[in-house]
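For reference, the chains in residue letters:
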Amino acid sequence: MRILVVEDEHRIAQTIKKGLEQERYAVDTAYDGINGYDLAAAEDYDVIILDRMLPEMDGMMICKKLREHKNHTPILMLTAKSQTSDKIDGLDAGADDYLTKPFSFEELLARIRALSRRPKQTLNDIYSVGDLTLSTRIFRVSRGSKIIQLSSKEFSILEYLMRNTGKVITKQQIIDHVWDFDADVLPNTVEVTIRNIRKKIERPFKNAKPIIKTVRGFGYTI
Ligand code: CA
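In this text the structure is predicted, and so the values were computed from the model without any measurement.

### A closer look at the coordination of the calcium ion
Octahedral metal centres with six donors ideally show angles of 90 or 180 degrees, and tetrahedral centres with four donors ideally show 109.5 degrees.
Okay, step 1: Donor atoms from the polypeptide that coordinate the calcium ion comprise Asp8 (OD), Asp51 (OD) and Met53 (O), at 2.1 to 2.3 Å from the metal.
Okay, step 2: Taken in chain order, the donor set of the calcium ion reads D-x42-D-x1-M. In this pair, Asp8 is assigned in the loop between strand E1 (2-6) and helix H1 (10-22) and Asp51 in strand E3 (residues 47-51), connecting sequence segments 43 residues apart.
Okay, step 3: Exposure remark for Asp51: the relative accessible area of 3% places this residue in the buried category.

Rendered as structure tokens:
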């Protein structure tokens, strides 16, 4: 899961980034509207957290422009005001949800979870393929009755593949979704991480079917 935070108050932006990284999201930040818009338009995010009042271009305008350009990434708008008219303006501009400052981090997380699963209409945060189960809420992966320990990147890749069951996912898509903008990731890093995931979710289960299939020249699928 990759998230963009557009917020001109550095302290708030950094607090959100740190908190989300602890929850294993990959997070990019922008501190003004133009940078925020450029990143939002150029990169493939799962959720955008957008402050309403920003220098250069305000959150409302960013939202409108993204929607005009058929970018439907879920947007959570942050605002210092709580007037109803303000909320309606934001939702009219194309935001999916609204959060009034100050807010608790738990509240922010709950909204992100709700937004990020909205496109797939998933009712809970548990994904299963055969006897493999992954829970995003408690960061747990198990196969049959055995609990499997994954690193945070391994978990994120497996989650991404399981959320897109049946689709072929390219290495570049994995890089875009699992690592943030500052990370210097080579396609080889993805291969190595996938190999490590297989070692943990496939190798110990001798008679079980492989879970992750390689689609030569394209990427991976579950
Ligand atoms: Ca602001």
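### A short note on the sheet that holds strand E2 (residues 26-30)
Okay, step 1: Ordered in space as E2-E1-E3-E4-E5, the 5 strands form an open sheet in which the pairing is parallel. Looking along the sheet, the strands with just one partner apiece sit at the ends: E2 and strand E5 (97-100). Pairs of neighbouring strands in the sheet enclose a mean axial angle of 20°, with direction left out of account.
Okay, step 2: Contacting E1, E2, E3 and strand E4 (75-79), H1 crosses the sheet at an angle of about 170° to E2.

### Thoughts on the nonpolar core
Okay, step 1: The biggest cluster of nonpolar side chains holds 28 residues, and the ones touching the most others in it are Leu158, Leu161, Ile174 and Ile212.
Okay, step 2: Top element by residues in this core is helix H6 (residues 152-163). It accounts for 6 residues.
Okay, step 3: Setting aside chain neighbours within four positions, we find Leu158 in contact with Leu132, Leu134, Val141, Leu150, Ile197, Ile201, Ile212 and Ile222.
Okay, step 4: One finds Leu50, Leu54, Met60 and Ile62 within the second-largest nonpolar core, a separate group that totals 20 residues.

### Here we look at the pattern of salt bridges
Once the charged atoms of two side chains with opposite charge are near each other, the side chains can pair.
Okay, step 1: For the structure shown, the criterion picks out 14 salt bridges.
Okay, step 2: Arg143 serves as the salt-bridge partner of Asp131, at 2.9 Å between the closest nitrogen and oxygen. Placement of the pair is Asp131 in the loop between strand E6 (126-129) and strand E7 (132-135) and Arg143 in strand E8 (residues 140-143), with a sequence separation of 12 residues.
Okay, step 3: Take Arg143: its relative accessible area is 4%, and that puts it in the buried class.
Okay, step 4: Overlapping salt bridges bring together Glu7, Glu9, Asp51 and Lys101 as one network.

Quick notes on the rules
Residues numbered from 1 in each chain as written. Predicted model: local features only at pLDDT ≥ 70, side-chain atom pairs only at ≥ 80, totals over all residues. Heavy atoms only, no water. Donors = N, O, S within 2.8 Å, 3.2 Å for Na, K, Ca; no water. Helix = DSSP H or I, 4+ residues; strand = E, 2+ residues; numbered from the N terminus. Buried < 20%, exposed > 50% of the residue type's maximum accessible area, 1.4 Å probe, protein only. Pairing = 2+ DSSP bridges. Axes fitted to C-alpha atoms, helices over the stretch in contact; angles between N-to-C directions. Contact = heavy atoms within 4.5 Å. Core = buried A, V, L, I, M, F, W, Y, C linked by side-chain atoms within 4.5 Å. Salt bridge = Lys/Arg side-chain N within 4 Å of Asp/Glu carboxyl O.

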